[in-house]
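Here is how the chains run, residue by residue.
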Amino acid sequence: MTQAHALFTAVPKRHNCAQAVMDGCGGMPEQVAEMASCGGGRAPGGFCGALHAALLLCPDEAEAIKAGFLQEVGALTCREVKTKAGTPCAVCVETAARLVEKAQTGRR
């Protein structure tokens, strides 16, 4: 389990999906705060918030992250994730965090 998943599922809940990925994958506190408005289908373009945070963390690997997320989750937008793919948000957070970690490891 990733740190992002642990943050997302913690009780009491303090992070939405985007905040959990940003915080769990090394984002700065101000970036985590900015992600407060990106959960629940409110990320730009309707993207899943977890995916949106991953794309901000790894802009050079955006296409690979989108492709990996689509393959594992089944959709890119929050609406499609919830309706068409039926993937739980915690799975989206875990997937996005793993893709970020993979991209960050590849940079070293």
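That block above? That's the structure.
For clarity, every value in this text was computed on a predicted model and none was experimentally measured.

## A look at the overall build of the protein
Secondary structure summary: the protein contains seven helices and zero strands in total. A compact globule built from 108 residues would reach a C-alpha radius of gyration of about 13 Å, and the protein, at 12 Å, matches this within 12%. When its C-alpha atoms are laid out on the principal axes, the protein stretches across 35 × 30 × 25 Å. Looking at the protein as a whole, 48% of its 108 residues are labelled buried. Nonlocal contacts in the protein, meaning residues at least 24 apart in sequence, comprise 51% of its contacts between residues at least 6 apart. Charge centroids of the protein, computed over 11 positive and 10 negative side chains, lie 7 Å from each other.

## Concerning the nonpolar core
Ranked by size, the top nonpolar core spans 35 residues in total, and within it V21, A50, I65, F69 and V93 carry the most contacts. The element contributing the most residues to this core is helix α7 (residues 89-107), with seven residues. Apart from the residues within four sequence positions on either side, V21 is in contact with A4, A50, A53, A54, L57, V93 and A96.

## Considering empty space enclosed by the protein
Scanning the model with the defined rule gives one cavity of 30 Å³ or more in all. Space inside the largest cavity adds up to approximately 60 Å³. For the largest cavity, the full set of lining residues is C17, G40, G41, C48, G49, C78, V81, K82, C89 and C92. Sorting the residues of the lining of the largest cavity by element identifies α6 (78-85) and α7 as the ones contributing at least two each. At three residues, the largest contribution of residues to the lining of the largest cavity is made by α6. When grouped by side-chain class, the residues that make up the lining of the largest cavity number six nonpolar, three polar and one charged.

## Topic: the pattern of salt bridges
This model, assessed by the stated rule, comprises two salt bridges. In this structure, E63 and K66 form a salt bridge, with 3.5 Å as the shortest nitrogen-oxygen distance. Taken together, the residues span about one helical turn, with E63 and K66 both in helix α5 (residues 62-73) at a distance of three residues. Judged by relative accessible area, K66 falls into the partly exposed class, the value being 23%.

## Considering the state of the cysteines
Under the definition given, this model contains zero disulfides. Not part of a disulfide, C17 finds its nearest cysteine sulfur in C48, a span of 5.1 Å. Cysteine C89 shares no disulfide, and the gap to the nearest cysteine sulfur, in C92, comes to 5.9 Å. Overall, the relative accessible area of 32% leaves C89 in the partly exposed class.

Reading the values: the criteria
Residues numbered from 1 in each chain as written. Predicted model: local features only at pLDDT ≥ 70, side-chain atom pairs only at ≥ 80, totals over all residues. Heavy atoms only, no water. Helix = DSSP H or I, 4+ residues; strand = E, 2+ residues; numbered from the N terminus. Rg over C-alpha atoms; globule rule 2.2 N^0.38 Å. Buried < 20%, exposed > 50% of the residue type's maximum accessible area, 1.4 Å probe, protein only. Contact = heavy atoms within 4.5 Å. Lys, Arg positive; Asp, Glu negative; His and termini not counted. Charge placed at Lys NZ, Arg CZ, Asp CG, Glu CD. Core = buried A, V, L, I, M, F, W, Y, C linked by side-chain atoms within 4.5 Å. 1 Å grid on protein atoms, 1.4 Å probe; cavity = no way out; pocket = protein on both sides within 12 Å on 5 of 7 lines; lining within 4 Å. Points joined across faces, edges and corners; volume = space filled by probe spheres on them. Nonpolar A, V, L, I, M, F, W, Y, C, P; charged D, E, K, R; others polar. Salt bridge = Lys/Arg side-chain N within 4 Å of Asp/Glu carboxyl O. Disulfide = S-S within 2.5 Å.

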